[in-house]
Each structure stands twice: as C-alpha cells, then as structure tokens.
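# Coordinates in review
Take a look at the letters that make up each chain.
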Protein chains: 8
Amino acid sequence: MSFTVYLSGEIHTDWRDQIIQGAAARGLAVRFTSAVTDHDASDAAGDGLGAESVPFWRDHKSAKVNAIRTKTLIEQADLVVVRFGDKYKQWNAAFDAGFCAALNKPYITLHAEDIVHPLKEVDAAALAWAQTTEQVVEILAYVLRD
Amino acid sequence: MSFTVYLSGEIHTDWRDQIIQGAAARGLAVRFTSAVTDHDASDAAGDGLGAESVPFWRDHKSAKVNAIRTKTLIEQADLVVVRFGDKYKQWNAAFDAGFCAALNKPYITLHAEDIVHPLKEVDAAALAWAQTTEQVVEILAYVLRD
Amino acid sequence: MSFTVYLSGEIHTDWRDQIIQGAAARGLAVRFTSAVTDHDASDAAGDGLGAESVPFWRDHKSAKVNAIRTKTLIEQADLVVVRFGDKYKQWNAAFDAGFCAALNKPYITLHAEDIVHPLKEVDAAALAWAQTTEQVVEILAYVLRD
Amino acid sequence: MSFTVYLSGEIHTDWRDQIIQGAAARGLAVRFTSAVTDHDASDAAGDGLGAESVPFWRDHKSAKVNAIRTKTLIEQADLVVVRFGDKYKQWNAAFDAGFCAALNKPYITLHAEDIVHPLKEVDAAALAWAQTTEQVVEILAYVLRD
Amino acid sequence: MSFTVYLSGEIHTDWRDQIIQGAAARGLAVRFTSAVTDHDASDAAGDGLGAESVPFWRDHKSAKVNAIRTKTLIEQADLVVVRFGDKYKQWNAAFDAGFCAALNKPYITLHAEDIVHPLKEVDAAALAWAQTTEQVVEILAYVLRD
Amino acid sequence: MSFTVYLSGEIHTDWRDQIIQGAAARGLAVRFTSAVTDHDASDAAGDGLGAESVPFWRDHKSAKVNAIRTKTLIEQADLVVVRFGDKYKQWNAAFDAGFCAALNKPYITLHAEDIVHPLKEVDAAALAWAQTTEQVVEILAYVLRD
Amino acid sequence: MSFTVYLSGEIHTDWRDQIIQGAAARGLAVRFTSAVTDHDASDAAGDGLGAESVPFWRDHKSAKVNAIRTKTLIEQADLVVVRFGDKYKQWNAAFDAGFCAALNKPYITLHAEDIVHPLKEVDAAALAWAQTTEQVVEILAYVLRD
Amino acid sequence: MSFTVYLSGEIHTDWRDQIIQGAAARGLAVRFTSAVTDHDASDAAGDGLGAESVPFWRDHKSAKVNAIRTKTLIEQADLVVVRFGDKYKQWNAAFDAGFCAALNKPYITLHAEDIVHPLKEVDAAALAWAQTTEQVVEILAYVLRD
C-alpha cells in the first residue's frame, strides 16, 4: 500500500526531512510533496513575469505562481500534514487546512502544545494532532500497514 | 438585488458593526452572518456536553460546536469577508479563507498593509483586499447596484 | 437565524418530542424533519406497490420508498442529529451518519456512554456527542444565537 | 479488466481471506484493500499520539487515525463489500455503506438472512446482497469477465 | 412537508392529470412540473430560431430548447416520476432516468408489468416501480406525511 | 413557472432592455440579472480600494470586484443568455459561456450570422443560438409555458 | 495520446467488433470497455445470489449486478459510444446516455437515420451522431491525432 | 515531479513549439497536450459524419467533435496555458479559460500588453499572466522544482 503525503507549512526548520527520513528508515511507500520551500525563491516566484514596484503586487504574483504547484499537489495528495512552528504568522498553513477541510481531504496537524488554543478550529477538522515528527511517521507506518 | 455576507475573523474590534451600520446607512439589501462573536461563550460552546480536564479536548469540543454554525453559514453565503487584525494568531480566519477557496466561493480580505506579506497566499485567492470597513461597504454598494 | 434539523435513528422512545419541545420552549427557529416514525407504517411503506411473499423484497420495497423521503430531507438539512438507543441494531442510523460524512454535512450523535466504543467511527466524524436531549437543545440554542 | 475492492466490516472471522483466496483461485485481477483488521492495533491506533484517561477520547483518536486509511481506500475503490456478522454492533460497517451511498459508489452487502430486516436501509442502496463469500467471488468473476 | 415532483415521459395519455388530481384530492403539498407536453409545440420548439430543411437539425434545435426547461426542472425536483407507456420508443424517458441516476436524485418508474424486462436497468436505479397512478399518489401521500 | 435569467456580454447596445421589455410585455415570470453595465463604473469598480499606477492592476482589481457579482449571479441563474455584438473583443462573454459549460448550466447565445465561425466552440455547448432579441423572448415564453 | 471508450447499447449485432477492429487496423491507442454482452449471462447475472420466482426481482438482481460493472466503466471512460439498433426497446442505452449527460461526460450516438426523431433528446446532448461504425472509427482517429 | 499542461488558443504562430522546446531544453517532466492545431483539419472535423449545406451546422458538428478531445484533455491537465494573439476573435480561448475557472483548475494567460484591458476578466481568474513563451517555461521550471 502506498500514499502521497503533502507537507504544508513551516519552512524554517527541518521537520520535512525528519518525516521523509523517518519514513524511509521504515521502508514506507510514501511519496512526499510540498511547496517550494526555498523562502527567497518562493517570494520571487513571480519576478520573472516582470518587476513590481508595489509590494502587494509582487507578493500577489508570487503567491499565485506558487498556487499553481500547491493547489495541484494538495488535490493529488491522500493525506496532508500541516505544520505550525513557533515563529511567523503561518496563515498559509491554516489556509491549506481550510482548503483540505472543504474538499473533505484528510489532514493532520503537527504543532506544540502551547498553540492548541489558537489552532482549535484547525485541529477540529483534522484527523490527528501530532506533536513530534516521530508521531507523524508512526501514524504513516500504521496507516500503510499491509 | 440582495446578498448574504458572512463576516469571518477578528472578534475584538467593532469592524462587523461598522460594516453592518455602513450597509444599513446606504440601504443595502444585505443579510450579515457570522460565528458567535462572544469570545467566552465561543470558548465554552462545548462545555454543556460535559466538562473536560484536558485543555485540548475542551477546545476541540467547542471548536466543533462552533463549526456547526460557521460551516453552514459560510456555505450559505454569497460572499465572505475575512478580517485580520493586529493581535492573536487568527488561524481560524485563514482557515475560513482556505475553505472558501476550495469551494470556489468569493471572499475578500480586510487587513492593514503591514501584514500584506504573510497574507499573500490568502490574498491571492481573494477577490479583493480592503484596508477599511468603508471600502468593504463601498464594494457591497457597487456589487448590489440595481 | 434559522436551521433545519433532521432527526435520525431510534423510533421507540420520545427523544424527538423532547428535542422539539425543548427547542419550542426556548423559541428557537428550527424546522425539524425526520423519517416516518410510525414503525408499522414504515415497514409497510411499499406494500401499496404490490404484495411480496419473500420478506427480503417486502423490506426492500419499503426501505426504498422510505428513502425517497429520508434522502431528500437529509440533503436539505443544515444539521442532522443521529440517535442510538439501547435496543435493536439501528444500522439505519449509522448509515445516515455515513451518508452525512460523505456529503460533508454536519451531524451530531445522541447516545449513552456505554456504547461509546462501538460508535467510535460514527462519533469520529460527528461535530458533537450528546448524552441527553437537553444537551442537544442547548447546542441548538447556542448555534442559533443572534 | 481489473478492479479495486474494499472489504468493510466484521473483523472476527476469516471472510476476507475466503474472498481473497477465492478470487486468486479464479485468477481474477482484483486488488483488495481494507481497514487495519488487527483489533487491538486498531483500538490503539491513536495511542502513539499521547495517552488518554477518558475512554471516549482514546476511541476518538484511534477512530480518526483509522479514518485516514479507510476514507482514502473507500474513495479509491471501484466496489465495496460490506460484511455484517452475527456479533457486535458493527455500526462502522453501516457507516461505510452510508458513505458509499452518498458518493454514489457501488457496494454490496454480505450477511445472513436472519438480519435482513434491520439491514433493509443498508441493503436498499446496495447493488447486491450476498449470503456467502462464494457468492461474492462469483459476482466478482462475472463483473470482471473479458 | 412539501415536495416538487417532475413528471417525465409519455405525453399521449392523461397519467399526469390523474396524479395531479389524485394528489389534490388528498390535499398533498406537491408542486408538479414537467416538460411542455403539447407534442406539436414541443417538436416545433426551435422553429422560431429559423427554419431547417434537414429533419435532424430541426429536431436538434427543438430538443435543445426543450432541454432548457427539462434539465432545470429535473435538477430542482425532489422526486422524478418516469412514465413508460405502450407506444413509441420513449427514449427520452429513459434518458431522464439515467440523468437522475447520475445525480443521485430519487426517481420512481410507472409502467405496466409486460415491459419489466426491457426496463430492468432503469428500474434497478429507481426507488420504486408503480403500475398505476393511484400507487404513485399513494407513495406521495406516504412520503409527505407530517 | 418562473426563471432567473442572467444576461451576459455586450454592454453598448440596448439588447438587455429589449429582452426585459419583451418578456414584460408577454407577462413572463422572469427575473433578469446581469453584471453592472455602466462601462465607466465597471472599469472603476476597484478604484475605491486604492489607486493603481499600472493599468494591468487597475483592471485586475476592477475585474475581481465585478466577479463578486457576476460569478454569484451566474451560479444562481436558471439560464444564461450570452450576447456577442459586432464591436470589441468581448472575451468576457466567451469566458462566461465557458464557465456555464463547465457547470453544466444552460446558456444560449445571441449574435449575428457573420460571426458563426469564430463562435463555433461557444455555440457548440449552447442550447440555442438566437439572432434577435425577439427570438430570445420567444424561447423564454415557450420554456415558461404553464 | 490514448483514450478509454465505453461501448454502450445494442448487443445483437457486431458493431463493437467493427469499431474495435477498425481502431486496431489504424493503430489507435484506444482501450474499449463495455457491459457483459453475452445476453443470457447478463440476464442471469444475479442468479448466483439465489433463485427468484417473481420475474421482476430476477431482473432487478441481474440489472444491479451488471451495474457494478457498467457504472464503474462509464465513469472511467473518456468517451462513450451509445448504439441504437432497429430491434428491442434499448432503454438501457438511452439510460446510459442520460447518465453521461448528467456527468458532463462526452458521448456520441450511433444509429440509423430513421430513428432520428425519437432519439432527438438523446442526440441533443451528444457530441456527435454517427450512422456507421466507420464514422466512429474516423472520429476516434481524428480525436487521437498526435 | 511531473505535470500535464494543456496549451489552449492561437494556432497561427509557433508559441506551442517554443514552450515545448523550451521545456525540453530544461529537462522538465511535462506532458503537453492541445486541441488539433491543424486549422483545416479542425474545421473539417465533423465532415466525415456527412456533408452540411448550412455553414452553421458544419461548424457545429466540427466544434463538437473537437470538444470530445479538448474537454477531456482540459479536465486531465494540471495546468492550462491560454494564448491570445493579435489576430482573430479567439473566443474559444476565452471559453476554455472560463471552463477552467468554473472547474477551479489553474490556468495562466499568455498575451501582449496591449490587450490587457479586454482580457481583464480572463486574467482576473488566472494564476499568472505571461507575455513571452520564455516566461511560461520559467514558470514551469519553477513549479516543477524538486
């Protein structure tokens, strides 16, 4: 049994690698996908379409170019993992969770206990809340059992 | 012509009232809906179903009871206005925006310019970004012209 | 604010009346719907289409005639309450819950604590688990607040 | 011609093996999937996410982790076989049937004659009612004819 | 409780009137809809758009103009009754039934016993097979019980 | 019987008025809707959200504000009439037609014979091609017959 | 480029083979699927589930077992060819056409000119009407061009 | 990572080849699809189904045969590129864009700056506006990064 898992959210820590390596170490048949996680490249995704002097429009163009990738990958995923770290606003992660909820697509959250309260709506529609990447790998190992 | 508009997000300022009164002042045929905006009541929405000693589960129950209302109202709305203020995480607002995006339901954002960058994914799928409640009323007035 | 609530499940106790009267007592704007709850009439729903000597087909015809009503009412409902009592198999109640889950339609369950374990899949996709009809009315009152 | 068949329901008898071996014996190109059928593992599916003192929440977490697998596999299946045995409540089986009905996904039931009456709603939306695993294999062989 | 019922099929007998009058006699809250049942007008529905010398195109234009009405009314209906008489090909009736089946919209058939075999696929996806208009009214009366 | 009809396309001639008056003259129960047809107001629809120095972004904002209205009205319509005149590019009209086609929503086109060839894909998915507003009224009168 | 084409309708002539061989002769990358076309086997499809004394139920069971195959194959097809011959009622063919129409799935019809009138609703929603199997192969060859 | 990209619109310049070769030069895993771009063959797509004396019907038949291919390929695509050149009406390109918008399928436009204003509705629902084929290739290279 195999699964495609989209990894959404925080791009400043190595949580994706931990999950990918953990799954590999257990021989799980998972294809992982995600947004482009190179922050500078992501912010500049739309620059090739012409320079913008207004920051809003530069962001707008880049966010839409990124959406070409993320929207498609989320729709193709069997499961989405949404990670919230301790920095930044991370509204895009919550946005992805809402997107999944409306599509009735399974997602799980990965975040520390101290942000349980502000994430309650996001967690309410999730199929699991994990606090560590090991737990995510554990869930994948269980879900993909023969 | 009439519209149903769901007001999502920030509950600590009077932006909802400003929009509702602004629309009333112009005689617009808009029915406004929203989540229960009494913060304490909202946090306690699930308490009647039995006390919980673990905070996560208390939040979980309340968030789900709130979802009975919000999910239905969002689906019934013709337009959703998603407000981001300058306090708190407001992940539920971004979650609602993602929910709308997946349903192909029109939404507009309402937030100050200094958070344009972290909201770029949310704004990218929106049909408008307003900075003031007057602008939101202006859009409604335009959209509902005879 | 008003809601349409479909009451699914057990037909041998007066739980529906308790909820309907509780909602009326609080002046809630709820329209309640349900299957035909007269057990004998329900079992005989298809008899008018011709007698059947094989029990399976008599049941089959009646179940389908009942589905004309129940399927439509469930799809029209804003919320479904699924009741499990302490008698009978009540597979139709679990069937309705699964139907709601696939449609992404909010439902809550109403059952005693001693059947929590066998109902775990049904509760997992529900937005609330109530143990008493008072709790259901309480949720409705909260959800329908102005 | 090939098919993916999800086997839902009873986990205490060897009906899945009978169907799988019957299909293999006839050389049918069927990929069978199902929930994790190890009862203890299934009940403990969420334990890795942290211990729970309240039984409801332990069940809740496990049921949701199981749903990551079952929901996806049901949606990927061409046909679902829903088995009802003579023990336990088996509401999850009826829930799966309702889920299929709402998705307009073909399913067949497998159960003894003595529970025809309580299963009438579940059977009414099914494309076949089989009493033996041999009959299920027979249907598969017919459906997959070149 | 009220229902919208679309009456599809045969236009050469008075079965529609029988059902409409039968429902009226019992005081049922049913709104009946149907295609334009004036045969000549229906065949000429597209003539106003310009004359056609090739019969296929005249039929084509009229059938499409008729579809503006029928498609919308079928989608708005809670229940569709599909009537097959003993004359003509009546492929449009079977087409409507297939349309309903794909939409998961409840429909019942109304036809004599001697055409059970050629209608088996159409009946298989129906929620009831009636042989008389009285039976249809009977079903409506049952389904619409308070 | 009543219908909601959305009038899409050309805004420089009085074709909308002709249809509306023609329908009124015949007493048809049609509610007509359309985009804001005041050209200058439409181009300036987004100006209230802040001035733009780059023409693309001014257009972008206005087009999105207009979409709040048009998308919703098209989805609410029972029928869409798409008008192509002899001036301008009118890509928005073709865009609306494609939008309807994907939603399986009935639409008819209204245009002169000399642009039949470039409109062949648009006409191919339409339920009728009318050349005059009288013909559109004629179709409406037919479709709405009692 | 490759396509999956479902061949629906008449089972008493060799039109399927003509199309399959015609496509093979031209080296087209088409996978053809269809219902079980052995008439006796098809009528007996449900017999293995237990004998029925009432003809309606025997037909009912067989039609449903056949639907397990046909529904799935139609949904998987890129194109459906619906054939109407000069014998029998062939309501199942019209039913399949209606099913495709509601799913917005492309289908073409294959029938002689003398039944153009009774098939006008079926042809109105089709993307082509062919009179010979050669024409169908021709369309496939065109559609699958590199 | 791989993508399927449908190239819609203008058929009189070599923009498709430029994109295909540009993607190949960068080793991108993209499968490109498109309508039949041989203009004469496209106009004659329906001729094999019988000659037509009325130009409208010749166009109609051909456009529908072409739709068998284009509709399916658009639905299978992960991304659609819609090209508007400086000649002809190109309503089919705008139609494809509207089709994508309703399906919530990502598309980008490719056109010169001088037609920004008439394309504002089409651009408003697009995820990017490119002015050169190099920019399109650049976007693809970014979107498909490992």
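Residues numbered from 1 in each chain as written. Chains lettered and ligands numbered in written order. Predicted model: local features only at pLDDT ≥ 70, side-chain atom pairs only at ≥ 80, totals over all residues. Heavy atoms only, no water.

## Focus: the overall build of chain A
Test applied: Comment: elements are numbered from the N terminus, with helices defined as DSSP H or I runs of at least four residues and strands as E runs of at least two. Computation of the radius of gyration draws on C-alpha atoms alone. For the globule rule, the value is 2.2 Å times the number of residues to the power 0.38. Only the protein chains shown count as cover for residues, and all accessible areas are computed by the Shrake-Rupley method using a 1.4 Å probe. Charge convention: Lys and Arg are scored as positive, Asp and Glu as negative, and His as well as the terminal groups of each chain are ignored. Think of each charge as sitting on NZ of Lys, CZ of Arg, CG of Asp or CD of Glu.
From N to C terminus, chain A includes 6 helices and 5 strands. Rg of the C-alpha trace for chain A: 16 Å, near the compact-globule value of 15 Å for 146 residues, within the 12% margin. Carbon and sulfur atoms provide 49% of the accessible area of chain A, an area that totals close to 5300 Å². The centroid of the 14 positive side-chain charges in chain A is displaced by 4 Å from the centroid of its 20 negative side-chain charges.

## Details of the sheet that holds strand β4 (residues 107–110) of chain G
Residues and elements named next belong to chain G. Stated precisely, the cut-off is as follows: In this scheme, strands are said to pair when DSSP sees at least two bridges between them. Here an axis means a line fitted to C-alpha atoms, over the contact stretch when the element is a helix, while the angle between two N-to-C directions is reported on a 0 to 180 degree scale.
Taken in spatial order, the 5 strands make up an open sheet running β2-β1-β3-β4-β5, and their pairing is parallel. Where the open sheet ends on each side, the last strands, each with one partner, are β2 (30–34) and β5 (128–130). Neighbour to neighbour, the strand axes of the sheet diverge by 25° on average, direction disregarded. One ladder, built from 4 bridges, connects strand β3 (residues 79–83) with β4; its direction is parallel. Residue pairing for β4: V82 is matched across the bridge by T109.

## Here we look at the interface of chain F and chain B
Heads up, the rule is: By definition in these notes, contact holds between two residues if any of their heavy atoms fall within 4.5 Å. Joining two parts hides part of their accessible area as seen by a 1.4 Å probe, and the buried area is that hidden amount summed over both. Salt bridge criterion: a side-chain nitrogen from Lys or Arg within 4 Å of a carboxyl oxygen from Asp or Glu.
Taken together, the contact between chain F and chain B spans 18 residues of the former and 21 residues of the latter. Ranking the residues of chain F by area buried against chain B places L49(F), I68(F) and R69(F) at the top, with a combined share of 40%. Put simply, R145(B) and D38(F) hold a salt bridge, and the shortest N to O gap is 3.7 Å. At the level of secondary structure, the elements contributing two or more residues to the side of chain F that touches chain B comprise α2 (39–43) and α3 (55–76) of chain F. For the side of chain F that touches chain B, the element with the highest residue contribution is α3(F), accounting for 10 residues.

## Quick word on the sheet that holds strand β2 (residues 30–34) of chain F
Residue and element names in this part refer to chain F. Strand order in the open sheet formed by 5 strands is β2-β1-β3-β4-β5, with parallel pairing between adjacent strands. In the strand order of this sheet, the two ends are held by β2 and β5 (128–130), each with one partner. For this sheet the average axis-to-axis angle between neighbouring strands, irrespective of direction, equals 25°. Here 5 bridges tie strand β1 (residues 3–9) to β2, and the two strands are oriented parallel to one another. Residue pairing for β2: F3 is matched across the bridge by V30.

## A few points about the relation of the copies chain F and chain B
We count it as follows: Fitting of the copies onto one another was done by least squares over C-alpha atoms, counting residues only where both copies have pLDDT of at least 70.
Superposition record for chain F on chain B: RMSD 0.0 Å, screw rotation 90°, translation along axis 0.0 Å. Taken together, these values place the two copies in the relation of a four-fold axis. Across chain F, the smallest distance between a C-alpha and the rotation axis is recorded for Q76(F), namely 8.7 Å.

## Structural notes on the pairing of β2(F)
Worth spelling out the cut-off: Type-normalised accessible area, obtained with a 1.4 Å probe on protein chains alone, sets the label of each residue: buried when under 20%, exposed when over 50%, and partly exposed for intermediate values. Handedness of a crossover is defined as follows: orient the strands so they point away from the viewer, and if the path from the first strand over the helix to the second runs clockwise, the crossover is right-handed.
Of all 5 residues in β2(F), 4 are buried; the element is thus mostly enclosed. For the handedness criterion, the β-α-β arrangement of β1(F), helix α1 (residues 15–25) of chain F and β2(F) is classed as right-handed.

## Thoughts on the relation of the copies chain A and chain B
Laying chain A over chain B is done by rotating through 180° and shifting 0.0 Å along the axis; what remains is an RMSD of 0.0 Å. When the rotation and shift are considered jointly, the pair of chain copies conforms to a two-fold rotation axis. Taken as a fraction of all interface residues of chain A, those also at the interface in chain B reach 100%, which identifies the copy contact as same-surface.

## Observations regarding the interface of chain A and chain B
Facing the 34 residues of chain A at the interface are 34 residues of chain B. Between chain A and chain B, the buried area comes to about 3200 Å², and carbon and sulfur atoms account for 71% of it. The largest contributions to the chain A side of the interface with chain B come from F56(A), W91(A) and F95(A), which together make up 24% of the buried area. The tally of links between chain A and chain B comes to 2 salt bridges. Across the pair D43(B) and K120(A) runs a salt bridge, and its minimum N-O distance is 3.5 Å.

## Focus: the arrangement of the chains
Chain G makes no contact with chain B, the minimum C-alpha separation between the two being 19 Å. One finds no contact linking chain D with chain H; the least C-alpha distance across the pair is 17 Å.

## With respect to the packing of aromatic side chains
Heads up, the condition is: Centres within 6.5 Å make a pair out of two Phe, Tyr or Trp rings, where for Trp the six-membered ring is used; the pair is then stacked when the planes are under 30 degrees apart, edge-to-face when over 60, and tilted otherwise.
Inspection of the entire model under this criterion finds 28 aromatic pairs over all chains. Taken together, a centroid distance of 3.9 Å and an interplanar angle of 10° make the contact between W57(A) and W57(F) stacked. Linking W57(A) in helix α3 (residues 55–76) with W57(F) in helix α3, this pair reaches from one chain into another. A single burial state applies to W57(A) and to W57(F), both of which are buried. W57(F) sits in the buried class, given a relative accessible area of 4%. Grouped by ring-pair contacts, the aromatic residues F56(A), W57(A), W129(B), F56(F), W57(F) and W129(H) constitute a single cluster.

## Focus on the side chain of T33(A)
All names here are of chain A. One can find T33 in strand β2 (residues 30–34). Using a relative accessible area of 7% as the deciding quantity, one classes T33 as buried. Contacts of T33, omitting those with residues within four sequence positions, involve T4, V5, Y6, L7 and L73.

## Description of the state of the cysteines
Just so we agree on the cut-off: Throughout, disulfides are identified as pairs of cysteine sulfur atoms within 2.5 Å of each other.
Summed over the entire model, instances satisfying the criterion amount to 0 disulfides over all chains. In this model C100(A) remains outside any disulfide bridge; the closest cysteine sulfur is found in C100(B), 15 Å from its own. Owing to a relative accessible area of 0%, C100(A) belongs among the buried residues under this scheme.

## Some thoughts on helix α3 (residues 55–76) of chain B
Residues and elements named next belong to chain B. Under the convention used in this document: Helices are assigned an expected span. That span is 1.5 Å times one less than the residue count. Two axes define the bend at a residue: one fitted to the seven residues ending there, one fitted to the seven starting there, and the bend is the angle between them.
Taking 1.5 Å of rise per residue, 22 residues should cover 32 Å, and α3 covers 32 Å from first to last C-alpha, within 8% of that figure. Maximum bend of α3: about 35°, positioned at A67. For α3, the tally of buried residues reaches 18 of 22 residues, placing the bulk of the element in the interior.

## Re unusual backbone geometry
If you check the backbone angles, Q90(C) has positive phi at about 55° while not being a glycine. Structurally, Q90(C) can be placed in the loop between β3 (79–83) and α4 (91–103).

## Quick look at the environment of A128(C)
As for its position among the elements, A128(C) is in strand β5 (residues 128–130). Look past the residues within four positions of A128(C) in its chain and what remains in contact with it is L49(B), V65(B), Y107(C), I108(C), T109(C) and I139(C).

## Side note on the environment of Q131(E)
Within the element layout of this structure, Q131(E) appears in the loop between β5 (128–130) and α6 (133–143). In sequence terms Q131(E) and V81(E) are 50 residues apart; their C-alpha atoms lie 12 Å from each other. Beyond its immediate stretch of four places on either side in the chain, Q131(E) contacts L49(C), L110(E), H111(E) and E113(E).

## What about the pattern of salt bridges?
Tallied over the entire structure, the rule returns 56 salt bridges over all chains. With its nearest N and O atoms 3.5 Å apart, the salt bridge here joins K120(C) to E121(C). Judged by its relative accessible area of 8%, K120(C) is buried. Residue D47(E) pairs with R58(E) through a salt bridge whose shortest N-O separation is 2.9 Å. With D47(E) in the loop between α2 (39–43) and α3 (55–76) and R58(E) in helix α3, this residue pair connects regions lying 11 residues apart in the sequence.

## Things to note about the side chain of D59(E)
Structurally, the position occupied by D59(E) is in helix α3. Put simply, D59(E) is tucked away with no salt bridge, and the nearest opposite charge, on K120(G), sits 5.3 Å away. Here D59(E) is in contact with V116(G), H117(G) and K120(G), once residues within four sequence places are set aside.

## What to know about the confidence of the model for chain A
Under the convention used in this document: In predicted models, pLDDT denotes the confidence assigned by the predictor to each residue on a 0 to 100 scale.
Across chain A, the average pLDDT comes to 97, with 100% of residues at 70 or higher. Scored by ipTM, the complex comes to 0.97, with pTM at 0.97.

## Focus on the packing of helix α1 (residues 15–25) of chain G against helix α6 (residues 133–143) of chain G
Geometry of a packed helix pair, given as the angle between the helix axes and the separation of the axes. Residues and elements named next belong to chain G. Definition in use: For classification purposes, angles smaller than 35 degrees are called roughly parallel, those larger than 145 roughly antiparallel, those between 65 and 115 roughly perpendicular, and all remaining angles oblique. A clockwise turn of the near helix away from the far one marks a right-handed crossing, whereas an anticlockwise turn of less than a right angle marks a left-handed crossing. In this count, Pro and Cys sit with the nonpolar residues alongside Ala, Val, Leu, Ile, Met, Phe, Trp and Tyr, while Asp, Glu, Lys and Arg are called charged and the others, Gly among them, polar.
Contact geometry for α1 and α6: axes closest at 9 Å, N-to-C directions at 40°. Taken together, α1 and α6 sit at an angle that is classed as oblique. Here α1 runs over α6; the crossing is right-handed. Taking contact as the criterion, the partners of W15, Q18, I19, G22 and A23 in α1 are, on α6, T133, V136, V137 and L140. When the residues that make up the contact of α1 with α6 are grouped by side-chain class, the tally is 6 nonpolar, 3 polar and no charged.

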